Every structure is written in C-alpha cells, then in structure tokens.
Amino acid sequence: MAVNKYIYVTAKARDDNKVSINARDLRLAGISVTIHENGDIVARTDYGAVISALSYVKRAVELAMEYFNKKVGIDLMIRSEMPVGAGLGTSAAVAVATILAT
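Residues numbered from 1 in each chain as written. Predicted model: local features only at pLDDT ≥ 70, side-chain atom pairs only at ≥ 80, totals over all residues. Heavy atoms only, no water.

S.K.: Please set out the confidence of the model for the protein residue by residue, giving values where relevant.
M.R.: Looking at the protein as a whole, its pLDDT mean stands at 80, while 77% of the residues score no less than 70. Between the elements of the protein, mean pLDDT differs from a low of 65, seen in strand S3 (residues 31-35), to a high of 92, seen in strand S1 (residues 7-13). (pLDDT = per-residue confidence, 0-100. Helix = DSSP H or I, 4+ residues; strand = E, 2+ residues; numbered from the N terminus.)

S.K.: Which residues make up the sheet that holds strand S2 (residues 19-22), and what values do they have?
M.R.: The three strands are arranged S1-S5-S2 in an open sheet whose pairing can be described as mixed. The open sheet has two free edges, formed respectively by S1 and S2, since each of these has just one partner strand. Strand-to-strand twist in this sheet, taken as the mean axis angle between neighbours without regard to direction, amounts to 15°. Pairing of S2 with strand S5 (residues 74-80), which is carried by four bridges, proceeds in the parallel orientation. Bridge pairing in S5 links Val 19 to Ile 74. Strand contacts of helix H2 (residues 90-101): S1 and S5, with the helix running at about 30° to S1, the strand carrying the most contacts. (Pairing = 2+ DSSP bridges. Axes fitted to C-alpha atoms, helices over the stretch in contact; angles between N-to-C directions. Contact = heavy atoms within 4.5 Å.)

S.K.: How would you summarise a nonpolar patch on the surface if you had to cite specific residues and measurements?
M.R.: Taken together, Met 1, Val 3 and Leu 88 make up a surface patch of nonpolar side chains, about 360 Å² in accessible area. Here Leu 88 shows up in the loop between S5 and H2. (Patch = residues over 30% accessible without salt bridge, like charges linked within 9 Å, V, L, I, M, F, W, Y side chains within 5 Å. Areas by Shrake-Rupley, 256 points an atom, 1.4 Å probe, with all protein chains shown as cover. Salt bridge = Lys/Arg side-chain N within 4 Å of Asp/Glu carboxyl O.)

S.K.: Help me get a handle on the nonpolar core, residues and values and all.
M.R.: Core analysis: the largest hydrophobic core is formed by 13 residues, its most contacted members being Ile 7, Val 9, Val 57, Leu 76 and Ile 78. Elements with a contribution of two residues or more to this core: S1, helix H1 (47-67), S5 and H2. In terms of residues, this core owes the most to one element, H1, which gives four residues. Setting aside anything within four residues of it in sequence, one finds Val 9 in contact with Leu 76, Met 77, Ile 78, Val 94, Ala 97, Thr 98 and Ala 101. (Core = buried A, V, L, I, M, F, W, Y, C linked by side-chain atoms within 4.5 Å. Buried < 20%, exposed > 50% of the residue type's maximum accessible area, 1.4 Å probe, protein only.)

What follows is the structure, given as structure tokens:
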C-alpha cells in the first residue's frame, strides 16, 4: 500500500573529504533530552545507538562513491515525514534517497 509520506535527501559538495549528515527528522533511538524547571536543557546520547542507526546512510554514501569511482566530501540533509520504526521501510527509503542525492 502506498502512503503519502516522503523522504527528502539533499547533497552538497564540500571542499574536504568529510561526510556530514544532518538527520534531525529521523528521531534516532539513543537520544534523550531533559528540560529542567529552570529551563536548562540537557541532552544525553547513546553514542552506539546513534552510530548504528546511521550506519546504513554511511554505507549508502560509500556505495555511491564506489560506483562513480569518486571520493569527495559531502553535506547530506535528510528530512523525513515517515515515522521511524513503524515498519514502513524508512531505512530503505533513506538509503535509496541518499544514493540518488549523492
């Protein structure tokens, strides 16, 4: 069945060989935020969970660069309307959109 939710990935070349991934909409497991009564915000990250959750994006970039036989720096901006973990294939959609954008 089709759903009317979309994944958007844009890529911009960098002057170095670094890959930067901005994926705010994915709401990755392993990140928690606490807002204290005084308004202070404390963010905690389960580094391992975040890294493993984005490993498929990293691999998609690697595959695209291998295919085109290029190694360049890139800024990726991932925007998702799809709910993560709902069984809708969000990870696959992000990977395909990342390869296309790269």
